[in-house]
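# What the coordinates show
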Amino acid sequence: MSNDLQIILAGSFVATACGLLGCYLILRKMAMVGDAISHAVLPGIVLAFLFTGSRDSVTMVIGAGIIGVLTTFLIEFFHKKGKLQTDASIGVTFTWLFAIGVILISVFAGKVDLDQDCVLYGEIAYVPIDLWITNAGVVMGPRVLYISGTVLLIILIFITVGYKELFLTTFDPAYATAVGISTVLWHYLLMGAVSITTVASFESVGAILVVALLIAPPATAYLLTENLFKMMVLTTIIGVLVSITGYYLAVATDGSIAGAMATMAGLFFGLAFLFSPTEGYLVKKLRKGIVVSK
């Protein structure tokens with residue numbers, strides 16, 4: 001497998017996992033919660049390393065997952081008990097937790113093999129050389145592909161098994177509660193899934209691209225369809241296209257691959273915003289002009 005294909009596959013796996021969860025965040029009007037979690041899990045990653053002394057992916061995921069759920073709890077707590085607006089609760093929570101993570105890295109810089117640049121920007125170009133080598137010395141291939149592929153499989157299983165519950169708690173939480181489905185439980189399960197996906201994507205693409213992939217592809221698909229299943233399919237397609245076009249844009253400009261992918265995600269959204277058959281800004285203007293002329 002060529003280096004180009006390995007990088008594109010890694011980007012596609014991350015884009016698909018993030019995008020599928022992002023569909024629910026968009027529909028629940030919780031898009032910025034993904035941004036909050038992607039930053040707030042930093043102290044969880046650092047503390048997991050400090051307690052275990054290991055950069056094992058499972059350890060990092062557990063640490064990040066715990067902090068991710070805590071982030072969601074604090075946002076809800078400040079919103080309901082503190083009477084803060086949701087955006088204010090998000091802003092206070094994630095900046096506070098992210099700042100704690102940065103301080104922990106600074107204080108324990110000699111002991112923690114992490115840095116702010118790695119977490120913020122990532123480096124997907126290193127995928128082909130970050131190999132999984134067994135104790136017997138067998139090279140299994142890029143470690144990131146195994147991690148991101150496993151996370152994607154987990155997310156697919158989660159959405160498949162809980163499709164009805166996620167659907168009802170997203171579109172009609174009152175009815176979901178009436179039929180015995182716990183909206184609180186599924187809310188925290190969704191946030192836990194976002195946390196797991198976020199931390200698994202840190203090393204390869206960084207927090208900035210994670211946020212872009214959580215929001216931009218599903219937001220683009222949202223402008224193109226009103227059907228949830230079609231929205232998820234379109235999100236997957238857009239995520240893969242973002243990975244392919246973003247990679248070759250980075251090659252052509254000799255720039256950051258993660259930055260180029262985020263740029264393409266924004267470009268696809270811009271095209272949908274302007275030319276969507278139902279919601280496109282220019283399409284609406286054109287229709288209005290035709291109606292007026294008649």
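Residues numbered from 1 in each chain as written. Predicted model: local features only at pLDDT ≥ 70, side-chain atom pairs only at ≥ 80, totals over all residues. Heavy atoms only, no water.

The subject of this paragraph is empty space enclosed by the protein. Tallied over the entire structure, the rule returns 2 cavities of 30 Å³ or more. Volume-wise, the second largest cavity comes out at about 50 Å³. Lining the second largest cavity, in full, are Phe13, Val14, Ala17, Ser148, Val151, Leu152, Thr197, Ala200 and Ser201. The set of elements that each furnish at least two residues to the lining of the second largest cavity consists of helix H1 (3-27), helix H7 (143-161) and helix H10 (183-222). Here the lining of the second largest cavity is composed, by residue class, of 6 nonpolar, 3 polar and no charged. (1 Å grid on protein atoms, 1.4 Å probe; cavity = no way out; pocket = protein on both sides within 12 Å on 5 of 7 lines; lining within 4 Å. Points joined across faces, edges and corners; volume = space filled by probe spheres on them. Helix = DSSP H or I, 4+ residues; strand = E, 2+ residues; numbered from the N terminus. Nonpolar A, V, L, I, M, F, W, Y, C, P; charged D, E, K, R; others polar.)

Remark: H7 packs on helix H8 (residues 163-171), axes separated minimally by 4 Å, with the N-to-C direction vectors making an angle of 70 degrees. Judged by the inter-axis angle, H7 sits roughly perpendicular to H8. Residues Phe158, Ile159, Thr160 and Val161 of H7 form the contact with H8, whose participating residues are Tyr163, Glu165 and Leu166. Of the residues assigned to the contact of H7 with H8, the class counts are 5 nonpolar, 1 polar and 1 charged. (Axes fitted to C-alpha atoms, helices over the stretch in contact; angles between N-to-C directions. Parallel < 35°, antiparallel > 145°, perpendicular 65-115°, else oblique. Contact = heavy atoms within 4.5 Å.)

Scanning the entire structure with this criterion turns up 7 aromatic pairs. Seen in terms of ring centroids, Phe73 and Phe77 are 6.0 Å apart; in terms of plane orientation they differ by 25 degrees. Their pairing is stacked. With Phe73 and Phe77 both in helix H4 (residues 57-80) and 4 residues apart, this pair spans about one turn of that helix. Residue class for Phe73 comes out partly exposed when judged on its relative accessible area of 42%. Classification of Phe77 as partly exposed rests on a relative accessible area of 39%. The rings of Phe73, Phe77 and Phe78 are connected pair by pair, giving a single aromatic cluster. (Phe/Tyr/Trp six-rings, centres within 6.5 Å; stacked < 30°, edge-to-face > 60°. Buried < 20%, exposed > 50% of the residue type's maximum accessible area, 1.4 Å probe, protein only.)

In this section: helix H11 (residues 228-253). In this model H11 runs 36 Å from its N-terminal to its C-terminal C-alpha over 26 residues, within 8% of the 38 Å that 1.5 Å per residue would give. Residues of H11 that are buried include every one of Leu228, Met231, Met232, Thr235, Ile238, Gly239, Val242, Ser243, Gly246, Tyr247 and Ala250, and no others. N-cap assignment for H11: the residue whose side-chain oxygen lies 3.0 Å from the backbone N of Phe229 is Asn227. With its phi angle positive at about 55 degrees, Asp254 sits one or two positions after the end of H11. (Expected span 1.5 Å × (residues − 1). Polar contact = N/O pair within 3.5 Å; in protein donor to acceptor, adjacent residues only side chain to side chain.)

What follows deals with the packing of helix H3 (residues 42-52) against helix H5 (residues 86-107). Two quantities define a packed helix pair, namely the angle between the helix axes and the distance between the axes. Between H3 and H5, the shortest axis-to-axis distance is 7 Å and the interhelical angle comes to 35 degrees. Relative to H5, H3 is oriented so that their crossing is left-handed. Where H3 abuts H5, its residues Leu42, Pro43, Val46 and Leu47 lie against Leu97, Phe98, Ile100, Gly101, Val102, Leu104 and Ile105. In the contact of H3 with H5, the residues fall into 10 nonpolar, 1 polar and no charged. (Left-handed = near helix turned anticlockwise from the far one by under 90°.)

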